[in-house]
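Listed below are the residues making up each chain.
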Amino acid sequence: MPTSISSTFATSSRLERLGKTVVHAGIALLFGLAASAQAADAMSIDDTGNAKSEMAACMSGKTQQSKKTCMTEVRNAQAAKRAGKLGNDNVDFAANAMKRCEVFKNAEDQQACKARLSSSAMLDGSVASGGVLREAEITVPAKAE
């Protein structure tokens, strides 16, 4: 049984679209792999506070910032370090965390916030995975009717 020309044309047109889709997906995958390889290859500024090594990382061009921005950040960090404004020595992290609960105006909401920040709260996740979820159970008495 002979195949009609329009049927053959429609089939080849679908195959061409499928082929283009596969090619586009392959190109997107290659770009994604190249970007992740570049990010993995990138140097990061160390946390030793050594301005010379940080400036060398900026000059190598392998940081996540432009050279100009990177060098400005190194200079600003050194100025803050000399002024004594750099570091976490005098920070009370627990008080800072509890202060964030003040945004809640309702006393129950504030209590729930503080319960989530307590050491008994269940933690799930990580910063690297996108966030830390805190869960706390609060028993609420039933309302008398």
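Draft legend 1. Spotlight on the packing of helix α2 (residues 51-60) against helix α3 (residues 67-82). The N-to-C vectors of α2 and α3 enclose an angle of 170 degrees; their axes lie 8 Å apart at closest approach. Comparing their axes, α3 and α2 come out roughly antiparallel. Residues A51, E54, M55, C58 and M59 of α2 touch α3, and the partners they reach there are K67, C70, M71, V74, R75 and Q78. Residues that form the contact of α2 with α3 fall into these classes: 7 nonpolar, 1 polar and 3 charged.

Draft legend 2. Summary view of α2. If you check which residues of α2 are buried, you get E54, A57 and C58. In an axial view of α2, the angular spread of the buried residues amounts to 100 degrees, which keeps them on one side of the axis. The inward-facing, buried residues of α2 contact α3. Looking at where α2 begins, the residue whose side-chain oxygen comes 3.0 Å from the main-chain nitrogen of K52 is N50. Positioned one or two residues after α2, G61 has a phi angle of 80 degrees, which is positive.

Draft legend 3. Fine view of the state of the cysteines. One pass over the full model with this rule turns up 2 disulfides. The disulfide partner of C58 is C70, and the gap between their sulfur atoms is 1.9 Å. Around the S-S axis, the bridge from C58 to C70 shows a dihedral of about -70 degrees and counts as left-handed. Here C58 is found in helix α2, whereas its partner C70 is found in helix α3, with 12 residues between them in sequence. We note that C58, like C70, is buried. Here C101 is linked by a disulfide to C113, with a sulfur-sulfur distance of 2.0 Å. Taking the sign of the S-S torsion, about -75 degrees here, the bridge from C101 to C113 comes out left-handed. With C101 in the loop between α4 (93-99) and α5 (107-117) and C113 in helix α5, this residue pair connects regions lying 12 residues apart in the sequence. Classification of C101 as buried rests on a relative accessible area of 0%. Should the bonded cysteines of the chain be numbered as they appear in the sequence, the pairing reads 1-2, 3-4.

The rules behind these values
- Residues numbered from 1 in each chain as written.
- Predicted model: local features only at pLDDT ≥ 70, side-chain atom pairs only at ≥ 80, totals over all residues.
- Heavy atoms only, no water.
- Axes fitted to C-alpha atoms, helices over the stretch in contact; angles between N-to-C directions.
- Helix = DSSP H or I, 4+ residues; strand = E, 2+ residues; numbered from the N terminus.
- Parallel < 35°, antiparallel > 145°, perpendicular 65-115°, else oblique.
- Contact = heavy atoms within 4.5 Å.
- Nonpolar A, V, L, I, M, F, W, Y, C, P; charged D, E, K, R; others polar.
- Buried < 20%, exposed > 50% of the residue type's maximum accessible area, 1.4 Å probe, protein only.
- Arc of directions from axis to C-beta.
- Polar contact = N/O pair within 3.5 Å; in protein donor to acceptor, adjacent residues only side chain to side chain.
- Disulfide = S-S within 2.5 Å.

On their own, these measurements won't tell you what the molecule is for.
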